[in-house]
Amino acid sequence: MAAVAELKAVLKDTLEKKGVLGHLKARIRAEVFNALDDDCEPRPSLSHENLLINELIREYLEFNKYKYTASVLTAESGQPVVPLDRQFLIRELHAFEESKDSAIGRSMPVAGGVEEFSAGFSADRQQSQDLKPSRVLSRQTCRQ
């Protein structure tokens, strides 16, 4: 019995050191969520602010390769499956973008360039009326 416990401990330690255990746990959580998610239940409508906040979070998660967490966020929040354009997000949040590292394409997620997070939301409220989720979806599908 001790040999089995030792084997489990060594296996767990090895998987943790390789970064596999966290990946497996995240994937299991995502798959369990997807299995339990009721597609028939409508998602709440997203306000302009929540659409941008969710997109900022998703962009951060994808930048850091947390793809399973991002997939759960997208499914649970009702965020459009097609991400918003990165430059559009930067403009809307009044963020700045550091110079790009040619090796990785970009040096940080958009969240790192948001100086005053609330400034983008208090700007022009009329613009927020132009950015309804349905309008954003139609813009995104036209670009692709």
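What counts, and at which threshold
- Residues numbered from 1 in each chain as written.
- Predicted model: local features only at pLDDT ≥ 70, side-chain atom pairs only at ≥ 80, totals over all residues.
- Heavy atoms only, no water.
- Helix = DSSP H or I, 4+ residues; strand = E, 2+ residues; numbered from the N terminus.
- Buried < 20%, exposed > 50% of the residue type's maximum accessible area, 1.4 Å probe, protein only.
- Core = buried A, V, L, I, M, F, W, Y, C linked by side-chain atoms within 4.5 Å.
- Contact = heavy atoms within 4.5 Å.
- Expected span 1.5 Å × (residues − 1).

Visitor: Give me unusual backbone geometry: which residues, what numbers.
Guide: Although it is not a glycine, Lys-65 adopts a positive phi angle of roughly 65°. In this fold, Lys-65 is placed in the loop between α3 (48-63) and α4 (67-77). Here Lys-65 falls in the exposed class, since its relative accessible area comes to 71%.

Visitor: So what about the nonpolar core? Which residues, and what values?
Guide: Counting twelve residues, the largest nonpolar core consists of Leu-46, Leu-51, Leu-52, Leu-56, Leu-84, Phe-88, Leu-89, Ile-90, Leu-93, Ala-95, Val-110 and Val-114. With near-sequence residues (within four places) excluded, Val-114 lies in contact with Leu-56, Leu-93 and Ala-95.

Visitor: Outline α3, listing residues and values.
Guide: With 16 residues, α3 extends 22 Å between its outermost C-alpha atoms, agreeing within 8% with the 22 Å of an ideal straight helix rising 1.5 Å per residue. His-48, Glu-49, Leu-51, Leu-52, Asn-54, Glu-55, Leu-56, Arg-58, Glu-59 and Leu-61 are the residues of α3 that are buried. Where α3 terminates, the next one or two residues include Lys-65, which has phi positive at roughly 65°.

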